[in-house]
Amino acid sequence: MNATIPKLISPHPVSLPQGAPVLMSVVKNEMLRLPYLLTYYRGIGFEHFLFVDNDSTDGTREFLLAQSGAFVFH
């Protein structure tokens, strides 16, 4: 198996405060679920999100790139 290291595609470098809770998720075509997911986790105190996008074609990547606190990898 030939593993590939995900590449950061967010326009800003990853910067996370020490000790801050971070949600990490691998996504593919999750546009219908992401608004709820982000609303829920922001509501319980998460401000930082790491997403690895697996070639979404439904606008997932573009949506995540527009979100504050979200860092997107491909």
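The rules behind each value
- Residues numbered from 1 in each chain as written.
- Predicted model: local features only at pLDDT ≥ 70, side-chain atom pairs only at ≥ 80, totals over all residues.
- Heavy atoms only, no water.
- Helix = DSSP H or I, 4+ residues; strand = E, 2+ residues; numbered from the N terminus.
- Rg over C-alpha atoms; globule rule 2.2 N^0.38 Å.
- Buried < 20%, exposed > 50% of the residue type's maximum accessible area, 1.4 Å probe, protein only.
- Contact = heavy atoms within 4.5 Å.
- Pairing = 2+ DSSP bridges.
- Axes fitted to C-alpha atoms, helices over the stretch in contact; angles between N-to-C directions.
- Polar contact = N/O pair within 3.5 Å; in protein donor to acceptor, adjacent residues only side chain to side chain.

(A) Region of the structure containing the overall build of the protein. Looking only at helices and strands, the protein features two helices and three strands. Put simply, the protein runs from its N terminus to its C terminus through helices and strands in the order β-α-β-α-β. A compact globule built from 74 residues would reach a C-alpha radius of gyration of about 11 Å, and the protein, at 12 Å, matches this within 12%. Seen through its principal axes, the protein has C-alpha atoms that stretch 35 × 30 × 25 Å. The proportion of buried residues among the 74 residues of the protein is 28%. The contacts of the protein with a sequence gap of at least 6 include a subset with a gap of at least 24, amounting to 68%.

(B) Geometry of the environment of P17. Summarising the element assignment, P17 is placed in the segment before β1 (22-27). You can call P17 partly exposed: its relative accessible area is 44%. Separated by 31 residues in the primary sequence, P17 and H48 have C-alpha atoms spaced 9.2 Å apart.

(C) Quick look at the sheet that holds β1. The strand order across the open sheet formed by three strands is β1-β2-β3, and the pairing between neighbours is parallel. The sheet is open, and its two edges are formed by β1 and β3 (70-73), each paired on a single side. With direction set aside, neighbouring strand axes in the sheet form an average angle of 15°. For β1 and strand β2 (residues 48-53), the ladder comprises six bridges, and the chain directions are parallel. Bridging across to β2, V27 finds its partner in D53. Helix α1 (residues 34-43) contacts β1 and β2 of the sheet and is inclined by roughly 155° relative to β2.

(D) Here's a closer look at the side chain of S56. Note on placement: S56 falls in the loop between β2 and α2 (60-65). In terms of polar contacts, S56 uses its side chain to reach the backbone amide nitrogen of N29, at 2.8 Å. In terms of polar contacts, S56 uses its side chain to reach the side chain of D53, at 2.4 Å. Not counting chain neighbours up to four residues away, the residues in contact with S56 comprise V27, K28, N29 and R61.

By themselves, these observations are geometric and do not establish any function.
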